[in-house]
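Working through the structure, step by step
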Amino acid sequence: QDAKLRGYTRGTHYLVTHGISADMAIVAEPTGSIIRLGHFGPQWVKISTYGITANTVYAGEVMSPIDRMLRVIAAVKAWIPKYQEKILQRYPHMKTKPAVRIAAINGGSPWRLARPAGTCSIYLDIRTKQSAAELKREIVVLMNGVKEEVRNDDPEFEFDVDFYLTQPGAEVEADHALVKCIESA
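This part takes up the pattern of salt bridges. For the structure on display, the rule yields 10 salt bridges. As a salt-bridge pair, Asp125 and Arg127 come within 2.7 Å of each other at their nearest N and O atoms. The partner of Glu171 in a salt bridge is Lys129, and the shortest N-O contact between them spans 2.9 Å. Placement of the pair is Glu171 in strand β6 (residues 170-171) and Lys129 in the loop between β4 (119-128) and α3 (132-150), with a sequence separation of 42 residues.

Structure follows, in structure tokens:
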């Protein structure tokens, strides 16, 4: 769980800190033997909701962060196809929609079910060409929409949005010498 063990850029970081640098790299991921001229960068996002830690006996009297997160999940799932289409239209030369999924969820305490944790978080893996700053604004707008939607029956709904890994995508021109070399090989 240590950030430096997550794999992303670990090898590149080692090379750069040991005197090796390069103008570009070939990413050797499966592509169906198709040369891809770019890739969407990963944005890892944590969205958290909060509630009151209370004994199960009082569960009907307090708002659970898990119940709040269920509303967030529904909103995120409705947002995903719209977001994918918007980015595809903005970057048609990428010829693919961004990948977006809810990759993990953390909430409650399985070892102490009578007093669930006061926080529930989902973790989004978003592969996009959009900048982290622009994407964060969009997710905050989405979350504010959820907050507005539930304000009558849940006026204390609060959330946090945290980007804990952001890497920009990259592109190379189709007529670049490296692309031509790979095509001929």
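Here the focus is the nonpolar core. Looking at soluble globular proteins, one finds that nonpolar side chains tend to be buried together. Ile47, Val72, Trp79, Ile126 and Ile139 are the most contacted members of the largest nonpolar core, which totals 29 residues. Within the residue set of this core, elements represented by two or more residues are β2 (41-50), α2 (65-90), β4, α3 and β5 (159-166). A total of nine residues in this core trace back to one element, the largest contributor, which is α2. Those residues in contact with Ile139 that lie beyond four places of it in its chain are Val45, Ile47, Trp79, Leu124, Ile126, Val161 and Phe163.

If you walk across this open sheet you meet the four strands as β3-β4-β2-β5, and the pairing is antiparallel. Both edges of this open sheet fall to β3 (99-107) and β5, since each of them pairs with a single strand only. Direction aside, the axes of adjacent strands within the sheet are offset by 20° on average. Pairing of β2 with β5 involves seven bridges; the strand directions are antiparallel. Bridge pairing in β5 places Thr49 opposite Phe159. On top of the sheet, α2 reaches β2, β3 and β4; it is set at about 10° to β4, its chief contact.

About the criteria used
- Throughout this description, residue numbers start from 1 for each chain and increase along the sequence as written.
- Totals for whole chains, interfaces and linings use every residue, but because this is a predicted model, local features are given only for residues with pLDDT of at least 70 and side-chain atom pairs only at 80 or more, for both listing and counting.
- Heavy atoms throughout the structure, all of them, feed into the side-chain values; hydrogens and water do not.
- Salt bridge criterion: a side-chain nitrogen from Lys or Arg within 4 Å of a carboxyl oxygen from Asp or Glu.
- Numbered from the N terminus, helices here are DSSP runs of H or I no shorter than four residues, and strands are runs of E no shorter than two.
- Side-chain atoms within 4.5 Å are what join buried Ala, Val, Leu, Ile, Met, Phe, Trp, Tyr and Cys residues into a set we call a nonpolar core.
- Throughout this description, buried means an accessible area under 20% of the type-specific maximum (1.4 Å probe, protein chains only), exposed means over 50%, and partly exposed covers the range between.
- We call two residues in contact whenever any of their non-hydrogen atoms come within 4.5 Å of each other.
- One bridge is not enough; two strands pair if DSSP finds at least two bridges between them.
- Comment: axis = line fitted to C-alpha atoms, over the contacting stretch for helices; angle = value between 0 and 180 degrees taken between N-to-C directions.

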